[in-house]
Amino acid sequence: MANVIGASLKRKEDPRLLTGNGRFSDDIQLPGMLHAVILRSPHAHAKIKKIHAEEALKSQGVVAVYTGKDLEGKIGPVPSSWLVPDANLKEAPQYPLAIDYVRYVGDGVALIIAEDRYVARDALDLIEVEYEVLPAVVHQKEAMQEGVPLVHGDIENNIALHWKAGEVADEIINDAEVVVRESFYVQRVFPSPLETRAAIGQYDAGSGELTLWCTSQNPHIHRMVLSDVLGISEAKLRVIAPDMGGGFGGKIGVYPDEALVGYAARDLKRPVKWIEQRSEHFTASNAGRDEIIDVELAGKRDGTLLAIRVKNTANLGAYLSTMGPGVATIDFGLMITGAYDIPHASCETFGVYTNTTPTDAYRGAGKPEATYQIERIIDLYAREIGMDPIELRRKNFVRKEAFPYTNAQGLLYDSGDYEKPLEKALETLNYEELRQKQRELSKQGKLIGIGFSTYVELCGFGPSEVAGAIGFQGGVWENSTVRVHPSGKVTVYCGTSPHGQGHATTFGQVVAEKLGIPMDDIELVFSDTKSISMGWGTYGSRSTAVGGAAVSIAADRVVEKAKKIAAHELEASEEDIVFENGKFQVKGVPGQQRTFQEIAKSANMAWNLPEGMEPSLEAQSFFKPENFVYPFGTHAAVVEIDKDTGEIELKRYVCVDDVGRVINPLTAEGQVHGGIAQGVGQALWEGAVYSKDGQLLSGTLMDYALPKARFFPRIESAFTETPSPVNPLGAKGVGETGTTASIAAVMNAVMDALKPYNVKDIEMPLTSEKVWRAIQDGEGN
Amino acid sequence: MNIESSYTFKGVSQELLWKTLQDKESLRRSLPGCKSFEEIAPHTYKSELGINIGPVKGVFTGDVRQVDIKEPESYRLLVIGKGKPGEIDAKADMVLEETEAGTTLICRAEVKVTGVLAAAGQRVMSGVAKVILGQFFKDIEKETKEMAKL
């Protein structure tokens, strides 16, 4: 099939999922299966004096109760997988169940295993834990002060890491004509996938193999880490990620809970299932963001930007999560200059332990925060010098001719044309007319705001050497096997593991185009460590750029071999064979051809292969990209604010994203929409709230506001295509662009609307009350 | 979280109110949803309360200790409660002020909660506490009448 790449095909996955034929973790039923629940700490910080489990154990149907002490020496701590170098990183061991101290509300204290989940849940109430409650610390800047409680007694000032990149001399800032300073808080939010986390363990006592189904964005990383934690050979641990209802970063983490389920299944020699409750999810699953960002942007009065100096104080929670240490350092700190050619930049990051749930990567992981601070401060700079924010952006954009471009922090941007999406967005908005309308409505007392975010982000987590240099405990290359059966039907094994992205569709399109066969002839296999040799996961918008590229290369190799066989059968030289529309054709000799299916049969039967050729038609690829990919674009929001109530209405949302070559515009647009919803959610509605003593006050969906479809106008989305040179598909990443860009776009729009009151910042989320107060306290009131 | 509530017992003397508030039986009858109430040491009680107001639902077991007793003006209650929805740790100053109308009982409490009480209940906790205290004050008022007959 030709021209499949770039076609808006409907998702191959949907008929199955929409008709209730998906297989999610909770759909898995195994004979003799037991059910697990985890007793979690109600205190943010306490010493465990004693655990009374006798009553629970007496309860009919309860099979076992494990405490941290029971597991001591039998199961290791769960480590972080991002050991950022040169940061004086101090990793406190996180045992699967707390042993002496609990360090956040939600910290695991006991594991209860029972014949059914209701018995297990009821037994939870029968366990009595004697705690000695200790003072807690919640806020990261407070946690660094002298004399505050220490989360881990031996880690001074609660500082988990202190990292620096780049240098900006004081003179540059001091001597600059204009310096704009602001402190932004990118608040803690919850990834909140539709499906909570889950794990099911099954142990085969005969073979000694442990199978673990779990909600993982990276089953092979789970296998690698958990084999160590559980003390089981990597070859005897099989991790499978079933269908998943989203992850958004919250399912990257290797959690203590999955280790517990695996341990119990092996110990009891019976399958064990654990499904996280929604309320449990709020305290037991990694959160995102929680970074206080102090920015100084210096430059000339004509709008020339010279230097940016940033300090990020990040709340890492009570333990280092799987990727937690890398988010506010590498992901954030190297991207602080955004899409602009700013010659000097520096970032200093403190990662701080607090008595809160750990934070980890959440959709965008560091890039939304980096984009937020640069896009917000650039608007404030424009306001300071009285320049249109669009003009200031244009003046400082990295020029199209400058690519590949090395930013001030040393990252090499692969390709870009930042004006292109900006122009397209302005055209869609009808910008000049819109500004005119804003002025007119302002005379009628209406508050209209227009905000932009011209972002660039680092995606396609790829080059292994770079991963090593930045302390990431993984190879981050990808692999794929394309196996052609005698009938010409194809099975494709893919390293990256989907959880809602639609890999079966987009990767299927790549194979269909390459092999010239119908989509229906292609089956894709994901997410099982036993059938797939390796994979480094789906996060950082890397699946298509790295995993899809691996699929593409493997498919090319299949064609290469098939061509040799066709040439042999057609008695032509290989150079004379043209492969088009699924047919190998001798150039200039009509009728002299073989179909892909015929060659598939020949290869598998191997009755008559070229001299020395091995049988079968199958190819594997291991793709290690030379660089990251850097998608970019322009997002614009138009808001109207009700002066009397502070209520914000999102009137329009226009986005033009350049994610390189788009494999499927329909699914790409879907990704952008979802990303925008989560970014706008952060700006306007979502926010974790802790009390001073570490109790989570926003621990239900009544108290934590998730974005809903009716909060949004029709999103006006489009793409420009600037291919990436670092992978054969030319693809960049699309999964996180919406989130990365939209937080700043909406905030800038609101600040633009509140310009008459000279409001410069309001802490997110922008509840009506906060906006109303800002208006009341603003100039002219 | 701070909770403050007061109630004026009309025509009740400070002394009579004090006596009622110190009487075990009166307290047992007045504590909302009281399932048990026993003195385990001087000025230290163990109790079980069944409470059902919105998300604050379930049986709470609690230790209540009276300290800083200044008869008949004031005392301090230290309450540690435990129930399925979470734990409560409260310190309440109880002040009895004699006025022309009678005696006003002022309760100023600093309350810490955990679990569902914190996550979901905090929004309504002060309202719930006021309802419970109001009920308690009214019942104590009845008890003062019984006490006056003795």
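Residue numbering note: each chain is counted from 1, following its sequence as written. All chains are assigned letters beginning at A, and all ligands numbers beginning at 1, according to the order in which they are written. The model is predicted, so local features are restricted to residues of pLDDT at least 70 and side-chain atom pairs to those at 80 or more, both for listing and for counting; the totals for chains, interfaces and linings are taken over all residues.

Chemist: Please clarify how the interface of chain B and chain A should be interpreted in this entry.
Modeler: We call two residues in contact when the distance between their C-beta atoms, placed using the backbone, is within 7 Å. Each partner contributes residues to the interface: chain B has ten residues there, and chain A has 13 residues. Elements supplying a minimum of two residues to the side of chain B that touches chain A: strand 6 (86-98) and helix 3 (115-149) of chain B. Classifying every residue of the side of chain B that touches chain A gives three nonpolar, four polar and three charged. Put simply, DSSP marks the helices as runs of H or I at least four residues long and the strands as runs of E at least two long, and each gets a number from the N terminus on. Only Asp, Glu, Lys and Arg are considered charged, only Ala, Val, Leu, Ile, Met, Phe, Trp, Tyr, Cys and Pro nonpolar, and every remaining residue, Gly among them, polar.

Chemist: Even after reading the chapter, I still don't get the domain arrangement of chain A, so can you show me in this structure?
Modeler: In many analyses, interface size is given as the accessible surface area lost on bringing the parts together. All names here are of chain A. These domain limits were set by an automatic method or by a database of domain assignments. Split into domains, chain A comes out as domain 1 (14-19 + 29-134 + 192-284), domain 2 (288-461 + 627-777) and domain 3 (478-623). Taking only C-alpha atoms, the centre of domain 1 and the centre of domain 2 are 35 Å apart. With 27 residues of domain 1 at the contact, the number on the domain 2 side is 29 residues.

Chemist: Explain the packing of helix 11 (residues 367-385) of chain A against helix 20 (residues 737-753) of chain A here, please?
Modeler: Helix packing for two helices is described by the angle between their axes and how far apart those axes are. Residue and element names in this part refer to chain A. Where helices are involved, their axes are fitted lines through C-alpha atoms of the stretch in contact, as for all axes, and angles between N-to-C directions lie from 0 to 180°. At a minimum axis separation of 8 Å, helix 11 and helix 20 run at an interaxial angle of 30 degrees. The angle between helix 11 and helix 20 falls in the class roughly parallel. The crossing of helix 11 and helix 20 is right-handed. In this structure, helix 11 uses Lys367, Pro368, Thr371, Tyr372, Glu375, Arg376 and Asp379 to contact helix 20, whose residues at the interface are Thr739, Thr740, Ala741, Ile743, Ala744, Met747, Asn748 and Met751. Of the residues that constitute the contact of helix 11 with helix 20, the class distribution is seven nonpolar, four polar and four charged. Each angle gets one of four labels, with under 35 degrees taken as roughly parallel, over 145 as roughly antiparallel, 65 to 115 as roughly perpendicular, and the rest as oblique. Crossings are sorted by hand: turned counterclockwise from the far helix by less than a right angle, the near helix makes the crossing left-handed, and turned clockwise it makes it right-handed.

Chemist: Even after reading the chapter, I still don't get the environment of B:Val64, so can you show me in this structure?
Modeler: All names here are of chain B. By secondary structure assignment, the location of Val64 is in strand 4 (residues 56-70). Residue Val64 is classed as buried on the basis of its C-beta count, with 21 C-beta atoms lying within 10 Å. Sequence separation between Val64 and Val131 is 67 residues; the distance between their C-alpha atoms is 20 Å. Setting aside residues no more than four positions away along its own chain, Val64 makes contact with Tyr45, Ser47, Leu77 and Val79. With C-beta atoms placed from the backbone, the exposure class of a residue follows from how many other C-beta atoms lie within 10 Å of its own: 20 or more, buried; 12 or fewer, exposed; in between, partly exposed.

Chemist: Just checking my understanding: could you explain the pairing of strand 25 (residues 617-623) of chain A for this structure?
Modeler: Note on strand geometry: in a regular strand, side chains alternate between the two faces of the sheet. Residues and elements named next belong to chain A. When you tally the buried positions in strand 25, you get five out of seven residues, the bulk of the element. When strand 19 (residues 478-484) meets strand 25, the two strands line up antiparallel, connected through seven bridges. In the strand pairing of strand 25, Glu478 is matched with Phe623. Any two strands with at least two DSSP bridges between them are considered paired.

Chemist: Just to check I follow, could you spell out the sheet that holds strand 1 (residues 34-40) of chain A for this structure?
Modeler: As a general point, the strands of a sheet are linked pairwise by backbone hydrogen bonds and lie either parallel or antiparallel. Residues and elements named next belong to chain A. A sheet is described by the order of its strands in space; here seven strands give the open sequence 3-5-1-12-9-10-11, paired in mixed fashion. Because the sheet does not close on itself, it has two edges, and the strands there are strand 3 (62-67) and strand 11 (237-240). Averaged over all pairs of adjacent strands, the angle between their axes in this sheet comes to 20 degrees, without regard to strand direction. Here strand 9 (residues 198-204) pairs with strand 10 (residues 209-214) via six bridges, running antiparallel. The residue of strand 10 that forms the bridge with Gln202 is Thr211.

Chemist: Before we go on, may I ask you to explain the confidence of the model for chain B in this structure?
Modeler: Detailed reading of the predicted coordinates is not advisable wherever pLDDT is low. All names here are of chain B. Scored from 0 to 100, pLDDT records how confident the predictor is in each individual residue. The predicted model of chain B averages 88 in pLDDT, with 97% of residues at 70 or higher. Averaged over each element, pLDDT in chain B is lowest for helix 3 (84) and highest for helix 1 (residues 14-21) (94). Both scores are given for the predicted complex: the pTM is 0.94, the ipTM 0.80.

Chemist: In this structure, what is going on with unusual backbone geometry? I would like to understand it.
Modeler: Most of the time, phi is negative for any residue but glycine, and the peptide bond is trans. With an omega dihedral of -5 degrees, the bond running from A:Met764 to A:Pro765 counts as a cis peptide bond. With respect to the secondary-structure elements, A:Pro765 resides in the loop between helix 20 and helix 21 (768-777). Cis geometry is adopted by the peptide bond preceding B:Pro72, which originates at B:Glu71 and carries an omega value of 0 degrees. Among the secondary structure elements, B:Pro72 is positioned in the loop between strand 4 and strand 5 (74-83). The phi angle at A:Ala365 is positive, at roughly 40 degrees, despite the residue not being glycine.

Chemist: Is there a simple way to explain the pairing of strand 13 (residues 288-299) of chain A in this structure?
Modeler: Residues and elements named next belong to chain A. Of all twelve residues in strand 13, ten are buried, a share of seventy percent or more. Examined bridge by bridge, strand 8 (residues 178-189) and strand 13 share eleven bridges and lie antiparallel to one another. Counted as the bridge partner of Val178 is Gly299 from strand 13. Here nine bridges tie strand 13 to strand 14 (residues 305-317), and the two strands are oriented antiparallel to one another. Looking across to strand 14, one finds that Glu291 is bridged to Ala314. What sits between strand 13 and strand 14 in their antiparallel hairpin is a turn of five residues, with Gly303 showing a positive phi close to 100 degrees.

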